[in-house]
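Listed below, chain by chain, are the residues.
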Amino acid sequence: MEPRGKPNCRLLRPSILLLMALVLVLLGYGILSPGGRMLGSLGAGTAVREPDRLQVVTQSRMAYPQPKVLTPSRTDVLVLTPWLAPIVWEGTFNSDILNVQFQLQNTTVGLTVFAIKKYVVFLKLFLETAEKHFMAGHRVIYYVFTDRPDAVPRVALGPGRRLQVLRARPYARWQDVSMRRMQMLSEAAEQRFLREVDYLVCADVDMQFHDHVGVEILSPLFGTLHPAFYGRPREAFTYERRPQSQAHIPWDEGDFYYMGAFFGGSVPEVQRLTKACHQAMLADRANGIEAVWHDESHLNKYLLYHKPTKVLSPEYMWDQQLLGWPSVLRKLRFVAVPKNHQEIRKSESGGQPTGSPEGAGRAGRAAGN
Amino acid sequence: MHRKRLAWSLGLCLLAGASLWVLWVSVQNWLPVSYLPYYLPCPEVLSQYPQPKLLLEHRPTELLTLTPWLAPIVSEGTFDPELLQHIYQPLNLTIGVTVFAMGKYTRFVQRFLESAEKFFMRGYRVHYYVFTHDPAAIPRVPLGPGRHLSVIPTQGHSHWEEISMRRMEAISRHIAGRAHGEVDYLFCLDVDMVFRNPWGPETLGDLVAAIHPGYYAVPRQQFPYERRPVSTAFVADGEGDFYYGGAVFGGQLARLYEFTRGCHMAILADKANGIMAAWQEESHLNRRFISHKPSKVLSPEYLWDDRKPQPPSLKLIRFSTLDKDGGWLRN
């Protein structure tokens, strides 16, 4: 017995020592390295990418006109909310300065889009125009949630940009398709976005980029002004008004009416927002109620009590067909693609469109007002 | 016997792992990383306030309210104090203030503190840090609840320029050593000043600078930057956003630490080359703010010179100079 054991013994000891050393090294590396993920659940978010945190951003020398203290950049529109969040309009920012700031932090932006069932047809134009106008010069990951991965078009992507197709469950009702986005986003945020990107931009797919949309929008939490309501009083906002709903907002409250088609922020903040909205929608469902504008109603409730750190002007969400091109908008950056709502929302079997009576969709409310 | 050894080595492994863990935890506490939620959900208690008007009929303020890098420029009319109070109060923040009362400047402490008690961050926890060579000369000023004062003995210097330059070093050391456990935000203010109107959470930000009252209406070529290329504070002709005052700056501890340390290093480099910048640390502060732009800028309301007549564009002077004759003080 003993002699048989001896040769094994000799090999075993150094291998155990080696194993121990390896374990110690891994442990040490995992804990001590700044990118360590092991203790992610412990430290207050130190394990995830924190975009606006400790980065020391050193600008190199640049030439640009001097900002003038006594000359407001825009005199026709509000550029700062009462809680000191910038409202981003053309003329308020210098892209060169901002690009340098974000490039120095090696910022990666995730753009999420949902192309469920027939909506895959919008992907090509969306992605092609995004390649031209969205975050040029920065790292971008497109996250395409779809139930038809084969229908995702092959669009040529620039350097530092890639596309990730994610499987999404198709729901029968278009309202559910819209609302379940919140759930899918919050789950994906935890599972992959936290590790892959610094900021998330969540957009509707039936849109196209028409002009520059860049890092000026990036901040911990941002919402976009709905094109139909930016000049209207709060009583005219189509908030959910029934107290039984989680999305309820009283008549005398409300800053802006934000559009559900374009919002975002840092990954932790978007995760909080989508999780809260999803849970609110579940609560509503349990109480047998559905908010009047679905996920958009819940988004508005959330942004009322969790003020965004930046607000995007209607330049970032427009419908030229319905609303023209007013002079207050110097650029139209992200615009609706004309579509036949009835046609696109029709169930596959060719039956009646499953849309609600509001069928004309978002901007249609503007025409009605 | 072999098994015993195995057990021993495994036990040692565990011990090593545990000690690394403890090391990490203690280092983590030291590292200036704490995620400060910028908001807290405040459901029903949100008070009614007027809806912000997006399309302007008239200008709310004559001043620029956003820098080209989208940092707010804070002045009266740009923010709703009550709304900000609702947002910031629940966060249970502690705001620190550093002032340097060296030499004859100890005589300014009384009025500084009394006015701060009236106007600075009312309703918040505040911690004053008074750096002085003469702790006995610091008067006992009654402080409100949740507000504390610490006197920090500091080595004096013969020249007031030297005192001024050493502030950056003292502040960065202070942040690393003590402030990081005690405050969330820190403001570094000149002591020969007085608060005249409310100074609240609208001033809080990651890295905050204030526009110098003497140069807000002046083209950048006339800013008193350090213009000698040999200095680390050198600013070329076409550079510069605003001329910031050295009497007011602040921010979140982590960012402020990087900033003050960077300034201190630049000052040391100049010293090694036998050069002192035109306006001492203010020159270095301005140089650094060009390459590390502030996330929030305070209008000259927050740093005013009472010798100047108040222009109509500034609605509310909040912090300004105490009337004094500078000459005899600097001996």
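Residues numbered from 1 in each chain as written. Chains lettered and ligands numbered in written order. Predicted model: local features only at pLDDT ≥ 70, side-chain atom pairs only at ≥ 80, totals over all residues. Heavy atoms only, no water.

- You'll find chain B entered in an unreviewed UniProt entry as Globoside alpha-1,3-N-acetylgalactosaminyltransferase 1 (FORS blood group), with Microcebus murinus given as the organism.
- Under the UniProt heading Subcellular location (unreviewed entry), the entry covering chain B gives this text: "Membrane".
- Here chain B is described in UniProt, under the heading Sequence similarities (unreviewed entry), as follows: "Belongs to the glycosyltransferase 6 family." (UniProt positions renumbered as here; feature names shortened; annotations may be inferred.)

- Checking UniProt for chain A, the heading Sequence similarities (unreviewed entry) contains the comment "Belongs to the glycosyltransferase 6 family."
- In its Subcellular location (unreviewed entry) section, UniProt records this for chain A: "Membrane".

## Focus on the UniProt feature "binding site: UDP-N-acetyl-alpha-D-galactosamine" (unreviewed entry) in chain B
All names here are of chain B.
And then number 1: The sites that UniProt annotates as "binding site: UDP-N-acetyl-alpha-D-galactosamine" (unreviewed entry) are Y105, D190, V191 and D192. Annotated residues spanning 88 residues; largest pairwise C-alpha distance 9.9 Å, indicating a single compact cluster.
And then number 2: Among the structural elements, V191 can be located in the loop between β5 (185–189) and β6 (193–195).
And then number 3: If sequence neighbours within four positions are ignored, V191 has contacts with V99, F100, Y105, F108, V109 and F112.
And then number 4: Position of D192 among the secondary structure elements: in the loop between β5 and β6. (Helix = DSSP H or I, 4+ residues; strand = E, 2+ residues; numbered from the N terminus. Contact = heavy atoms within 4.5 Å.)

## Structural notes on the confidence of the model for chain B
Residues shown with low pLDDT carry predicted positions that ought not to be read at fine detail.
Residues and elements named next belong to chain B.
And then number 1: Residues of chain B with pLDDT of at least 70 account for 88%, and the chain-wide mean is 88.
And then number 2: Predicted confidence for residues 32–45 stays below pLDDT 50, and this span has 39 contacts to residues more than four positions away or in other chains.
And then number 3: Here residues 326–331 is modelled with pLDDT under 50, and outside its nearest four sequence neighbours on either side it reaches 9 contacts, counting other chains as well.
And then number 4: For this predicted complex, the interface score ipTM comes out at 0.83, while the overall pTM is 0.82. (pLDDT = per-residue confidence, 0-100.)

## A short note on the pattern of salt bridges
A pair can form between side chains of opposite charge whenever their charged atoms are brought close.
Residues and elements named next belong to chain A.
And then number 1: Taken as a whole and judged by the stated rule, the model has 31 salt bridges over all chains.
And then number 2: Between E196 and R162 there is a salt bridge whose closest N-O contact spans 3.8 Å. Of this pair, E196 sits in helix α4 (residues 174–196) while R162 sits in strand β4 (residues 161–167); the two residues are 34 residues apart in sequence, bridging distant segments of the chain.
And then number 3: Taking relative accessible area as the criterion, R162 reaches 38% and is therefore assigned partly exposed.
And then number 4: Between R285 and D176 there is a salt bridge whose closest N-O contact spans 3.0 Å. On the criterion of sequence distance, the pair formed by R285 in helix α5 (residues 267–286) and D176 in helix α4 is long-range, its members being 109 residues apart.
And then number 5: One network of salt bridges, with partners in common, ties together E90, D211, E315, K331 and R333. (Salt bridge = Lys/Arg side-chain N within 4 Å of Asp/Glu carboxyl O. Buried < 20%, exposed > 50% of the residue type's maximum accessible area, 1.4 Å probe, protein only.)

## Examining a nonpolar patch on the surface
And then number 1: On the surface, a nonpolar cluster with roughly 270 Å² of combined accessible area is contributed by W21, V22 and V25 of chain B.
And then number 2: Under the relative-accessibility criterion, V22 of chain B is labelled exposed at 54%. (Patch = residues over 30% accessible without salt bridge, like charges linked within 9 Å, V, L, I, M, F, W, Y side chains within 5 Å. Areas by Shrake-Rupley, 256 points an atom, 1.4 Å probe, with all protein chains shown as cover.)

## Examining the packing of aromatic side chains
And then number 1: Tallied over the entire structure, the rule returns 41 aromatic pairs over all chains.
And then number 2: Taking the centre distance of 5.3 Å and the plane angle of 65 degrees together, the rings of Y105 of chain B and F108 of chain B count as edge-to-face. Residues Y105 of chain B and F108 of chain B agree in their burial class; the two are buried.
And then number 3: A centroid spacing of 5.5 Å and a plane angle of 80 degrees characterise the contact between W199 of chain B and F319 of chain B, whose relative ring orientation is edge-to-face. Residue W199 of chain B is found in the loop between β6 and β7 (207–211), and its partner F319 of chain B is found in strand β10 (residues 319–321); the two are separated by 120 residues along the sequence.
And then number 4: For W199 of chain B, a relative accessible area of 0% puts it in the buried group.
And then number 5: Taking relative accessible area as the criterion, F319 of chain B reaches 0% and is therefore assigned buried.
And then number 6: A connected cluster of aromatic rings, assembled from ring pairs, spans F112, F120, F187, F195, W199, Y302 and F319 of chain B.
And then number 7: Here the basic side chain of R241 of chain A rests over the ring of W251 of chain A, its NZ or CZ set 4.0 Å away from the ring centre. (Phe/Tyr/Trp six-rings, centres within 6.5 Å; stacked < 30°, edge-to-face > 60°. Lys NZ or Arg CZ within 6 Å of the ring centre and 35° of its normal.)

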